[in-house]
Amino acid sequence: MKTEIYEVEPGDYNLQDYDEHYKNFDWKEVEKAFSWHETGKVNMGYECIDRHVDSGRGDKVALYYKDAERNESYTFEEMKRNSNKAANVLKNTTDVAKGDRLFIFMPRSPELYFVLLGALKIGAIVGPLFEAFMEKAVKDRLENSEASVIVTTNSLVGRIPVDELPNLKHIVIVDDEVADQHIDFNKAFKEAADTFDIEWLDKEDGLILHYTSGSTGQPKGVLHVQYAMVQHYISGQYVLDLTEDDIYWCTADPGWVTGTSYGIFAPWLNGATNVIAGGRFSPEGWYSTIEEFKVTVWYSAPTAFRMLMGAGDELSKNYDLSSLRHVLSVGEPLNPEVIKWGYKVFGKRIHDTWWMTETGAHMIVNYPSMDIKSGSMGKPIPGVEAAIVDNDGNVLPPNRMGNLALKEGWPSMMRDVWNNRPKYESYFLPGGWYISGDSAYMDEDGYFWFQGRVDDVIMTAGERVGPFEVESKLVEHPAVAEAGVIGKPDPVRGEIIKAFIALREGFAATDELKEEIRVFVKNGLAAHAAPREIEFKDKLPKTRSGKIMRRVLKAWELDLPTGDLSTLED
Ligand code: ATP
Ligand code: MG
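Residues numbered from 1 in each chain as written. Chains lettered and ligands numbered in written order. Predicted model: local features only at pLDDT ≥ 70, side-chain atom pairs only at ≥ 80, totals over all residues. Heavy atoms only, no water.

(A) The overall build of the protein chain, seen in detail. Along the protein chain, the regular secondary structure elements total 19 helices and 29 strands. Taking 570 residues into account, the globule formula puts the C-alpha radius of gyration at 25 Å, and the protein chain, at 23 Å, falls close to it. If one aligns the C-alpha atoms of the protein chain with their principal axes, the spans along those axes are about 70 × 55 × 55 Å. Here the protein chain holds 570 residues, and 62% of them are scored as buried. As presented, the protein chain carries roughly 22,200 Å² of accessible surface, and 47% of it is formed by carbon and sulfur atoms. Seen as two clouds, the 62 positive and the 90 negative side-chain charges of the protein chain have centres 2 Å apart. (Helix = DSSP H or I, 4+ residues; strand = E, 2+ residues; numbered from the N terminus. Rg over C-alpha atoms; globule rule 2.2 N^0.38 Å. Buried < 20%, exposed > 50% of the residue type's maximum accessible area, 1.4 Å probe, protein only. Areas by Shrake-Rupley, 256 points an atom, 1.4 Å probe, with all protein chains shown as cover. Lys, Arg positive; Asp, Glu negative; His and termini not counted. Charge placed at Lys NZ, Arg CZ, Asp CG, Glu CD.)

What follows is the structure in structure tokens.
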């Protein structure tokens, strides 16, 4: 397939010379941006918020919060006082202490962020849970982590099976009326002192416990430590291109790693103004958020871009989106078609970033100063070494598909899989390679190309086909809104390619259309990559963070058990 190459448009970015950075990079130098470089004692809550107050930027807006009912703004000074108050409430009403797991299970609101920062100031390990989780998902995570405190709301508390969770000692409710057996956050918050003695921690002390998205199986409890901030901070500058003058919006919920690493830590470590929008996705709501807050840097996901694309270009013309100077994507492969569309609507090329819960921060990205090869994830960030290796850890030459691997030792790497050390160890191969579970190849220019999850790569008539390439071709067809591709066992070909397709508004699911789409892939990609079977679906099974769950498609197709569905969208 012919690759579109988009040359860098330097005008908009704080020019970052990738090659120069990559050559001269040293994590130890980045540490010097923080005061703890001298003392060795650190606290993420302080570094995100209080540090800016101490250096005279307390009056700057830290947070714009908006949902259907509320539209509020908070300066760094106010965030400092509110997070101190939250820390006091938690400390006075529960016995939570350094290293304890404190979970947050509530819809987005300013209070969620006060509580999260307050818990960090106490030295607790925060476990954020997506508000849509049902009882089983909540129970699994609280049980696995042995959490002692959960902060929630009246609407969600019913999903916490308290009787089955012997370690859970305190339920804190953020709401107007609070039942007697629970702790009333709002009441205590009103009376709480706004100064707090921060718990100073070691670099390797716990920070956050994130459960993975569950795309490929049972979610894993991934532990990150304070030292990860070095990477959150510098990738915020290098990749998100953030400065203190930016108005930044990350659309991810803090229940997923993007919503904390890049929804909380990176922007605030860099002193940027952070926009947080509550409520559900709507194209109108999202465009108007960009317009209202004059968002300059925007970080979202392919599924959201595809939905905006589906809503039509006309709609976007009703909004002033000219404040945007940098748009980025994460979570799934970014289809070339979406980059093309993004340029039309935002006047910007969407920059893809690849990383995962376990890596804690960016790994392989389209650096602002780098030409974009449409469909490629880009190159490793400075301080990170990436390669394609075989199953024994041997590095493969360019253009060979294999395991996407990273050399151990970047700051934000997970330190453990909670209560499952063997699982943690299973990520590593001899030679210090961390194996991502994704399949990719590197071209002769050092750009990486995502092919699919290792388990999703299809072997058909002796050819290895990455599902992403087929899906990207499929969504180029005007009738196709979304596509998920799997390999289906076949006695002759080993596997055949089967595509599940959700059609765009206005297209009828006919056999003629199936044939037309098949021919479209055959002519545009390759005969062996054209799906032999196509099935139309109203919508595809996705995780709540918007990823297509191919393992569910496969299980349905082959009548196999579907496995853990706790993160499946309704
Ligand atoms: P689980 O590990 O529970 O199966 P998950 O892997 O989806 O779920 P996350 O850690 O949220 O959980 O997602 C990381 C994965 O998302 C990566 O391994 C990769 O497959 C995919 N991904 C993230 N960003 C990109 C990207 N830019 N391009 C392609 N794939 C991406
Ligand atoms: Mg994963």
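Back to the text.
(B) Inspection of unusual backbone geometry at higher detail. Although it is not a glycine, Asn419 adopts a positive phi angle of roughly 60°. With respect to the helices and strands, the residue Asn419 is situated in the loop between strand S21 (416–417) and helix H16 (421–425). The backbone of Ala461 sits at a positive phi, close to 45°, despite the residue not being glycine. Of note, Ala461 is situated in the loop between strand S25 (458–460) and strand S26 (463–465).

(C) Highlighting the sheet that holds strand S13 (residues 297–300). An order of S3-S2-S12-S11-S13-S14-S15-S16-S18 is seen for the nine strands of this open sheet, with the pairing classed as mixed. One side of each edge strand has no neighbouring strand; the edge strands of this open sheet are strand S3 (71–75) and strand S18 (379–380). Summarising the sheet, strand S2 (residues 61–66) and strand S12 (residues 273–277) pair through four bridges and their orientation is parallel. Note that in S12 the partner of Leu63 across the bridge is Asn274. (Pairing = 2+ DSSP bridges.)

(D) Molecular detail of the site of ligand 1. Taken together, 22 residues surround ligand 1, and among them Ser213, Gly214, Ser215, Thr216 and Thr357 come closest. One of the side-chain N or O atoms of Thr212 is found 2.7 Å from an oxygen atom in ligand 1. Asp438 is positioned with one of its side-chain polar atoms (N or O) 2.9 Å from an oxygen atom of ligand 1. Bound to the protein, ligand 1 loses 96% of the 630 Å² it would expose on its own. Mapped by element, the contributors of at least two residues to the shell around ligand 1 are strand S15 (350–354) and strand S24 (448–453). Tallying contributions element by element places S15 first for the shell around ligand 1, with three residues. The residue inventory of the shell around ligand 1, partitioned by class, reads six nonpolar, nine polar and seven charged. (Near = heavy atom within 4 Å. Polar contact = N/O pair within 3.5 Å; in protein donor to acceptor, adjacent residues only side chain to side chain. Nonpolar A, V, L, I, M, F, W, Y, C, P; charged D, E, K, R; others polar.)

(E) Structural detail: helix H11 (residues 257–269). Within H11, 13 of the 13 residues are buried, which leaves it mostly tucked inside the rest of the structure. Just past H11, the residue Gly271 takes up positive phi, approximately 70°.

(F) Structural context of the nonpolar core. In this structure, Met79, Leu90, Leu102, Phe265, Trp268, Tyr299 and Trp354 are the most contacted members of the largest nonpolar core, which totals 107 residues. Of all the elements, helix H6 (residues 110–122) adds the most residues to this core, at nine residues. Among all residues touching Leu102, those that are not within four sequence positions of it are Leu90, Val96, Ala119, Ala124, Ile125, Val126, Gly127, Val149 and Val151. One finds Ile247, Leu308, Met309 and Ile372 within the second-largest nonpolar core, a separate group that totals 28 residues. (Core = buried A, V, L, I, M, F, W, Y, C linked by side-chain atoms within 4.5 Å. Contact = heavy atoms within 4.5 Å.)

(G) Region of the structure containing the environment of Glu515. Among the secondary structure elements, Glu515 is positioned in helix H18 (residues 511–524). A relative accessible area of 40% places Glu515 in the partly exposed class. In this structure the C-alpha to C-alpha distance between Glu515 and Leu63, which are 452 residues apart in sequence, comes to 51 Å.

(H) The arrangement of empty space enclosed by the protein in detail. Within the structure shown, the criterion is met by six cavities of 30 Å³ or more. Here the largest cavity is characterised by a volume of approximately 70 Å³. Taken together, Arg306, Glu332, Pro333, Asn335, Phe468, Glu471, Val475, Ala483, Ile548 and Arg550 make up the lining of the largest cavity. With three residues, helix H17 (residues 467–476) is the single largest residue contributor to the lining of the largest cavity. Looking at side-chain class alone, the lining of the largest cavity contains five nonpolar, one polar and four charged residues. (1 Å grid on protein atoms, 1.4 Å probe; cavity = no way out; pocket = protein on both sides within 12 Å on 5 of 7 lines; lining within 4 Å. Points joined across faces, edges and corners; volume = space filled by probe spheres on them.)

(I) Region of the structure containing the pattern of salt bridges. For the structure on display, the rule yields 41 salt bridges. We note a salt bridge from Glu29 to Lys32, for which the minimum N-O separation is 3.0 Å. A relative accessible area of 47% means that Lys32 is categorised as partly exposed. Among the ionic pairs, Glu533 bridges to Lys498, the shortest N-O distance being 3.6 Å. (Salt bridge = Lys/Arg side-chain N within 4 Å of Asp/Glu carboxyl O.)

(J) Quick peek at the UniProt feature "domain: AMP-dependent synthetase/ligase" (unreviewed entry) in the protein chain. With numbering matched to this structure, UniProt assigns "domain: AMP-dependent synthetase/ligase" (unreviewed entry) to residues 56–408. Across residues 56–408, the secondary structure splits into 31% helix and 23% strand, with the terminal C-alpha atoms separated by 38 Å. (UniProt positions renumbered as here; feature names shortened; annotations may be inferred.)

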